[in-house]
Amino acid sequence: MTKTPSQNRLSHRDLIPIGEMSRRTGQTVSAIRFYEDKGLLEPIRTGGNQRRFLRSDIRRVSFILIAQKLGLSLAQIQWVMRDLPHGRTPTAKDWQRISKAIRASIDAQIAALERTRDRLDGCIGCGCLSLKKCAIYNPDDRLGQEGPGPRQILTDALEAEPPPA
């Protein structure tokens, strides 16, 4: 990892070991290592190759946990955090940008759920319970020609995912 100018001036008090990061965030050490493997955290290595985290990384882990609770996938979290600065505490402007990106993703998920709910109601309402025979939602089984599985659901899910970084 290339050090930023601010990291060159870090004191011992600015860095915390992985055990303290675990204690402060409530996450296991293995979870913190997992986030590191996914590029969500970038610890600084000591001369003895021990991980040291910036205190601002506590906020990063908190953000990851909140985003997961909101239903975002790890890929979505990576995507919105790709430009989040390492080496300094995120600013309100940083969080505002991320919030806007998350809002768009959540809105897409809500729209997909509403479409699914509305289609389900329509299908149950007609009584046939077969999308293969349904003249309204799938005439002549055109979706079956696109491949196996629930094609409409698969298409909606792909549209809701943000592009990976």
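Everything discussed here concerns the structure shown above.
Everything quoted here is computed from the prediction, not taken from an experiment.

Chemist: How should I be thinking about the environment of Gln68 in this particular structure?
Modeler: Inspection of the secondary structure puts Gln68 in helix α4 (residues 57-69). Once residues within four sequence positions are removed from consideration, Gln68 is found in contact with Tyr35, Leu74 and Ile77.

Chemist: How should I be thinking about the packing of aromatic side chains in this particular structure?
Modeler: The geometry of an aromatic ring pair comes down to the distance between the two centres and the angle between the two planes. Under the counting rule described, the total for this entry stands at one aromatic pair. Positioned above the aromatic ring of Trp79 is the side chain of Arg82, whose terminal nitrogen or guanidinium carbon lies 4.9 Å from the ring centre.

Chemist: Hey, could you run me through the side chain of Asp57 in this one?
Modeler: Turning to its location among the elements, Asp57 is positioned in helix α4. There is no salt bridge for the buried Asp57, and the closest opposite charge comes from Arg60, which lies 4.1 Å off by N-O distance. Those residues in contact with Asp57 that sit more than four places away from it in its chain are Met21 and Leu41.

Chemist: I would appreciate a short explanation of the pairing of strand β3 (residues 51-54) in the present structure.
Modeler: Two faces, one strand: in a regular strand the side chains alternate between the faces of the sheet. The alternating pattern of β3 places Arg51 and Phe53 on one face and Arg52 and Leu54 on the opposite face, and all of these are buried. Where strand β1 (residues 15-17) and β3 come together, three bridges link them in antiparallel fashion. Paired with Pro17 across the bridge in β3 is Arg52. Where strand β2 (residues 44-45) meets β3, two bridges bridge the pair, whose relative direction is antiparallel. Residue Arg45 lies in a different strand from β3, and its bridge partner there is Arg51.

Parameters at a glance
- Here the residue numbering is sequential within each chain, running from 1 through the sequence in written order.
- Thresholds applied to this predicted model are a pLDDT of at least 70 for local features of residues and 80 or more for the giving and counting of side-chain atom pairs; totals over whole chains, interfaces and linings are not thresholded and use all residues.
- For the side-chain quantities, the full set of heavy atoms in the structure was used; hydrogens and water were omitted.
- Strands here mean DSSP runs of E at least two residues long; helices mean DSSP runs of H or I at least four residues long; both are numbered from the N terminus.
- A contact between two residues is defined here by any heavy atoms of the two lying within 4.5 Å.
- When two rings of Phe, Tyr or Trp (its six-membered ring) have centres within 6.5 Å they constitute a pair, described as stacked for plane angles under 30 degrees, edge-to-face for angles over 60, and tilted for the intermediate range.
- Geometrically, a lysine NZ or arginine CZ counts as sitting over a ring once it is within 6 Å of the ring centre and also within 35 degrees of the ring normal.
- Only protein chains enter the accessibility calculation, which uses a 1.4 Å probe. A residue is then buried if its area is under 20% of the maximum for its type, exposed if over 50%, and partly exposed in between.
- Counted as positive: Lys and Arg. Counted as negative: Asp and Glu, with His and the chain ends omitted from the count.
- Every case where a carboxyl oxygen of Asp or Glu lies within 4 Å of a side-chain nitrogen of Lys or Arg is listed as a salt bridge.
- One bridge is not enough; two strands pair if DSSP finds at least two bridges between them.

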